[in-house]
Amino acid sequence: MDTTQLLKGVLDLAVLAVLCEEDGYGYDILRRLRAAGLADVGDASVYGTLRRLFNAGYLTTYVVPSDEGPHRKYYALNPAGRAELQRGGKVWYGFASTMNDLLRERGTA
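Read on for a plain summary of the structure. The residue numbering used here restarts from 1 in each chain and proceeds along that chain's sequence as written. A pLDDT threshold of at least 70 governs which residues receive local features in this predicted model, and a stricter bar of 80 or more applies before side-chain atom pairs are shown or counted, although totals over entire chains, interfaces and linings include all residues. For the side-chain quantities, the full set of heavy atoms in the structure was used; hydrogens and water were omitted.

## Side note on the packing of helix 2 (residues 26-35) against helix 3 (residues 43-55)
Thinking step 1. Where helices are involved, their axes are fitted lines through C-alpha atoms of the stretch in contact, as for all axes, and angles between N-to-C directions lie from 0 to 180°. Numbering of helices and strands starts at the N terminus; helices are DSSP runs of H or I of at least 4 residues and strands are runs of E of at least 2. Between helix 2 and helix 3, the shortest axis-to-axis distance is 10 Å and the interhelical angle comes to 120 degrees. For the crossing formed where helix 2 meets helix 3, the hand is right-handed. Only D43, V46, Y47 and L50 of helix 3 make contact with helix 2, whose side of the interface consists of G26, Y27, I29, L30, L33 and R34.
Thinking step 2. Residues are sorted three ways: Asp, Glu, Lys and Arg are charged, Ala, Val, Leu, Ile, Met, Phe, Trp, Tyr, Cys and Pro are nonpolar, and all the rest, Gly among them, are polar. When its residues are assigned to classes, the contact of helix 2 with helix 3 shows seven nonpolar, one polar and two charged. Helix crossings get a hand from a simple test, with the near helix turned counterclockwise from the far one by less than a right angle marking a left-handed crossing and a clockwise turn marking a right-handed one. Should any heavy atoms of two residues lie within 4.5 Å, those residues are considered in contact.

## Some thoughts on the nonpolar core
Where a protein is soluble and globular, its nonpolar side chains tend to be buried together.
Thinking step 1. For our purposes a nonpolar core is just a set of buried Ala, Val, Leu, Ile, Met, Phe, Trp, Tyr and Cys residues, chained together by side-chain atoms within 4.5 Å. Per-residue accessibility, obtained with a 1.4 Å probe over protein chains only, is compared with the maximum for each type, and a residue is labelled buried under 20%, exposed over 50%, and partly exposed between these values. V15, L19, I29, L33, L50 and L59 are the most contacted members of the largest nonpolar core, which totals 19 residues.
Thinking step 2. Going through the elements one at a time, helix 1 (3-21), helix 2, helix 3 and strand 3 (72-77) are the ones with two or more residues in this core.
Thinking step 3. Looking at this core, the element that brings in the most residues is helix 1, giving eight residues.
Thinking step 4. If we ignore the near neighbours within four places in the chain, the residues touching V15 are I29, L33, T49, L50 and L53.

## Looking at the packing of helix 1 against helix 3
How two helices sit against one another is set out by the angle between their axes and by the gap between those axes.
Thinking step 1. Packing of helix 1 against helix 3 brings their axes to within 10 Å, and their N-to-C directions diverge by 80 degrees. When the axes of helix 1 and helix 3 are compared, the pair comes out roughly perpendicular. Across the interface between the two elements, L11, D12, V15, L16 and L19 from helix 1 touch S45, V46, T49, L50, R52 and L53 from helix 3. Throughout this description, any angle smaller than 35 degrees is read as roughly parallel, any larger than 145 degrees as roughly antiparallel, any in the 65 to 115 degree range as roughly perpendicular, and the remainder as oblique.

## Quick look at the pattern of salt bridges
Oppositely charged side chains may form a pair once their charged atoms are brought near each other.
Thinking step 1. Take a side-chain nitrogen of Lys or Arg and a carboxyl oxygen of Asp or Glu: if they are within 4 Å of each other, that pair is a salt bridge. Under the definition given, this model contains six salt bridges.
Thinking step 2. Among the salt bridges present, the one from R34 reaches D43, with a minimum N-O distance of 3.2 Å.
Thinking step 3. With relative accessibility at 35%, the residue R34 sits in the partly exposed group.
Thinking step 4. For D43, a relative accessible area of 39% corresponds to the partly exposed category.
Thinking step 5. In this structure, E84 engages R87 in a salt bridge whose closest nitrogen and oxygen atoms are separated by 2.6 Å. Taken together, the residues E84 and R87, both in helix 4 (residues 79-105) and three residues apart, mark about one turn of the helix.
Thinking step 6. The exposure class of R87 is partly exposed, given its relative accessible area of 45%.

## What about the side chain of N78?
Thinking step 1. Among the structural elements, N78 can be located in the loop between strand 3 and helix 4.
Thinking step 2. For N78, a relative accessible area of 13% puts it in the buried group.
Thinking step 3. Engagement of the side chain of N78 in a polar contact is seen with the backbone oxygen of G57, the distance being 2.9 Å.
Thinking step 4. Throughout this description, a polar contact denotes any pair of N or O atoms lying within 3.5 Å of each other; where both atoms belong to protein, one of them has to be capable of donating a hydrogen while the other can accept it, and for residues adjacent in sequence the pair is counted only when both atoms sit in side chains. From its side chain, N78 meets the backbone nitrogen of A80 in a polar contact 3.1 Å long.
Thinking step 5. Apart from the residues within four sequence positions on either side, N78 is in contact with G57, Y58, L59 and T60.

So, to be careful, I would describe these as geometric facts and stop short of saying anything about function.
As structure tokens, then:
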């Protein structure tokens, strides 16, 4: 199965989950997603997701000066983002439970 297609469907939720732990800038969020096991996630996908989540009103941003280069734009969950993470988590768990049951019933899990 092509995991990139699965990743497209859950990247918003994964980014929200990573930002629930602590704020982060683009590359930091990408690194944390990969460290969590989403090795196939691409740079452009994460940056596009951050823009989409910000435009949807789930994230706030702020800029932090950097001693090692340009200033970094940090992203943070706001109350709407936390609510979306909760809603998305419930949807995910329901979907995953259904798929687990379906596969288990057919002896594939």
